[in-house]
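Architecture at a glance
Chain by chain, the residues run as shown.
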Amino acid sequence: MRLASTLAALALLAAPALANDSEAEWALGGLVLKTNAAISMDREELFISAEEVRVDYVYTNHSPEDREVLIAFPLPAQPDPEAYVDWYAHPDWDQLDFTTTVNGQKVDYEVADRAMIGSRDVTELVAAEGLPLHWFREYEFMEGLGARPDAEKARQVELGLFRSVPEADRFTVEPVWQVQRSIVRRQVFPAGATVNVSHRYTPLIGGSVGGLLYPQMRKDYPEGVQEYADKWCTDANFIAGIDRRLANPPKGKVTYYGETWIGYVLRSGANWAGPIKDFRLVVDKGEPGNLVSFCMDGVTKISPTQFEVRKRDFEPERDLDILLVTFFEVDE
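Keep in mind that this is a model prediction, so the values were computed, not measured.

Definitions and limits used
Residues numbered from 1 in each chain as written. Predicted model: local features only at pLDDT ≥ 70, side-chain atom pairs only at ≥ 80, totals over all residues. Heavy atoms only, no water. Helix = DSSP H or I, 4+ residues; strand = E, 2+ residues; numbered from the N terminus. Buried < 20%, exposed > 50% of the residue type's maximum accessible area, 1.4 Å probe, protein only. Contact = heavy atoms within 4.5 Å. Areas by Shrake-Rupley, 256 points an atom, 1.4 Å probe, with all protein chains shown as cover. Phe/Tyr/Trp six-rings, centres within 6.5 Å; stacked < 30°, edge-to-face > 60°. Pairing = 2+ DSSP bridges.

1. Structural notes on the overall build of the chain
On a plain count of helices and strands, the chain comes out with seven helices and 20 strands. Expressed as a percentage of the 332 residues in the chain, the buried residues total 45%. Long-range contacts, defined here as pairs at least 24 residues apart, represent 77% of the contacts in the chain between residues at least 6 apart. Within the structure as shown, the chain displays about 17,100 Å² of accessible surface, and the carbon and sulfur contribution to it stands at 49%.

2. Regarding the packing of aromatic side chains
Applying the stated criterion across every chain, the model contains 10 aromatic pairs. When the ring of W135 is compared with that of W177, the centres are 6.3 Å apart and the planes differ by 75 degrees; the resulting orientation is edge-to-face. With W135 in the loop between α2 (123-128) and α3 (139-144) and W177 in the loop between β11 (172-175) and β12 (178-189), this pair connects stretches of sequence that are 42 residues apart. As far as burial versus exposure is concerned, W135 and W177 are alike and both buried.

3. Quick word on the sheet that holds strand β5 (residues 67-74)
Pairing is antiparallel in the open sheet, where four strands are placed in the order β5-β12-β8-β9. Lying at the two open borders of the sheet, with one neighbouring strand each, are β5 and β9 (120-121). As paired strands, β5 and β12 are joined by eight bridges and run antiparallel to one another. Within β12, the residue paired with F73 across the bridge is I183.

4. With respect to the pairing of strand β8 (residues 110-117)
Pairing of β8 with β12 involves seven bridges; the strand directions are antiparallel. Residue pairing for β12: E110 is matched across the bridge by V184. In this structure, β8 lies alongside β9, joined through two bridges in antiparallel fashion. Directly across from M116, in β9, lies its bridge partner D121. Joining the antiparallel neighbours β8 and β9 is a turn of two residues, in which G118 adopts a positive phi near 65 degrees.

Spelled out as structure tokens, the structure:
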């Protein structure tokens, strides 16, 4: 969160006031199954752009009997414990537009919302206390916390549901649980058979107008440049590409840049029997003039906007973060 906070603070220094300064992305990902020794992921085809994510899987049940398993599509827990709670800053998962098909047929799913404190499930305790599960959406509830009896608040602090917030004139608390939503369904994998699963959705991107990659910003905040390298694997060629664009604006114009961030939970693919036998990733940067950076080796450019990674027996060890840089001109 340090990088996003710094970007938010510096965006207006780095570019004209044309839009919101900074917004965090919400990294969605693939289907998750508790480790299953009978079912392998034979192929994963993953396409990512700022407009669409498409994932196509091929699974095989190697056992001599049908296997019915519960599969989950986990969404990021809300709210982020390191972020400021803004009533309008959280995505509405009810509006998430995605579809899943099995062997070409659309399937239904169920929604499971759980109140979590770390790995502790406190859903029933929250309900028993009469507290709203999605407290971060309840402005009136949060405004009314201060007026609740101190004894009740102290008891709920003891239960671990709240933490105290130092204030000089009153005993103030705030909730500590997050809401974890999973899209779940039961999937039958026939004995000895292959199953094709696909899903599509629009990613919840973040971004910043401006950032720390301007030449002067890199000089003033070298620690921020290292964070870019750690998260998105930006290298000298990437930085040089930014400098070239900034140094050569059209006559009478000044060139600025903006960032788009896309996250994808890739490690869920490691929960199946063995590695992903055949993995293909395509990242589309949108426009030929945009720049893209992400942490993956073996990247090949396959079109003016698309970059491909192919791997055999792939076991993902980290999730995927993608940085897109776009450029725009304004009058001098």
